[in-house]
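# Architecture at a glance
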Amino acid sequence: NAGVTQTPKFRILKIGQSMTLQCTQDMNHNYMYWYRQDPGMGLKLIYYSVGAGITDKGEVPNGYNVSRSTTEDFPLRLELAAPSQTSVYFCASSYSGVGWEKLFFGSGTQLSVL
Amino acid sequence: EDQVTQSPEALRLQEGESSSLNCSYTVSGLRGLFWYRQDPGKGPEFLFTLYSAGEEKEKERLKATLTKKESFLHITAPKPEDSATYLCAVQAVRETSGSRLTFGEGTQLTVNP
């Protein structure tokens, strides 16, 4: 049982480049999330989705885009990368309804923008 | 704005030396408070949910408690494998199901053998 799988694990981008962080889950969860984690800071929610075709902004959405065409996949798109986007990105998923707050996280993508 | 403050930032214990981690929160109507464990290079792993003041949850050497202003994670007779960063998070009642948790910065716990 793979759980939540993120790719790539590491990436270095140049300023202005674009990339997509991939996230897939095999637990048939309706809810999916993207968080970023900066050193000494708490996890910040970027975008979330409560089901295929439904997405909404979190706390720090600027500079990012998402789509949710299937239950399993929730890719995060970075357009025109900036140094402020250097961070560790975590994708997570959870059940809908009671117990939704038990998030299952992937192992993260460490991104550096230089 | 919801806020979560964890203390201490780092804690070093000897194996068997019990202690507590603190999570202070400010939220306009608490729906729930959550504890996660994060090992280096990995994503957080869910530990507990607490919904109301006075509630307690236990798992092995860990016990989480909740008051109206803070939560404590008590670690009894810790072992080296308990070394990790412990994260606290809250959700406000105004937040819909499946939306935002507000996380604290975490307490990095090291247990020496």
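The preceding data block contains the structure.
Residues numbered from 1 in each chain as written. Chains lettered and ligands numbered in written order. Predicted model: local features only at pLDDT ≥ 70, side-chain atom pairs only at ≥ 80, totals over all residues. Heavy atoms only, no water.

What follows is about the interface of chain B and chain A. In this complex, chain B contributes 21 residues to the contact, which on the side of chain A involves 21 residues. Taking both partners together, chain B and chain A bury about 1,700 Å²; carbon and sulfur atoms supply 57% of that area. Counting across the interface, chain B meets chain A through one salt bridge. We note a salt bridge from Arg100(B) to Glu59(A), for which the minimum N-O separation is 3.5 Å. Along the contact surface separating chain B from chain A lie four residue pairs in polar contact (both at pLDDT 80 or more). Of all elements in the fold, only strand 4 (30–38), strand 5 (45–50) and strand 9 (84–92) of chain B reach the threshold of two or more residues within the side of chain B that touches chain A. Examining the composition of the side of chain B that touches chain A, we find that three residues originate from one element, strand 4 of chain B, more than from any other. (Contact = heavy atoms within 4.5 Å. Buried area = accessible area lost by both parts, 1.4 Å probe. Salt bridge = Lys/Arg side-chain N within 4 Å of Asp/Glu carboxyl O. Polar contact = N/O pair within 3.5 Å; in protein donor to acceptor, adjacent residues only side chain to side chain. Helix = DSSP H or I, 4+ residues; strand = E, 2+ residues; numbered from the N terminus.)

A few words now on the sheet that holds strand 3 (residues 19–25) of chain A. Residue and element names in this part refer to chain A. The strand order across the open sheet built from four strands is 1-3-8-7, with neighbouring strands paired in antiparallel fashion. Each edge of the open sheet is held by one strand with a lone partner, namely strand 1 (4–7) and strand 7 (64–66). Adjacent strand axes in the sheet meet at a mean angle of 20° when their direction is disregarded. In this sheet, strand 8 (residues 76–78) lies alongside strand 7 in antiparallel orientation, the contact comprising three bridges. Its bridge partner being in strand 8, Val 66 is matched across the sheet by Leu 76. (Pairing = 2+ DSSP bridges. Axes fitted to C-alpha atoms, helices over the stretch in contact; angles between N-to-C directions.)

Function cannot be inferred from these measures alone, as they are strictly geometric.
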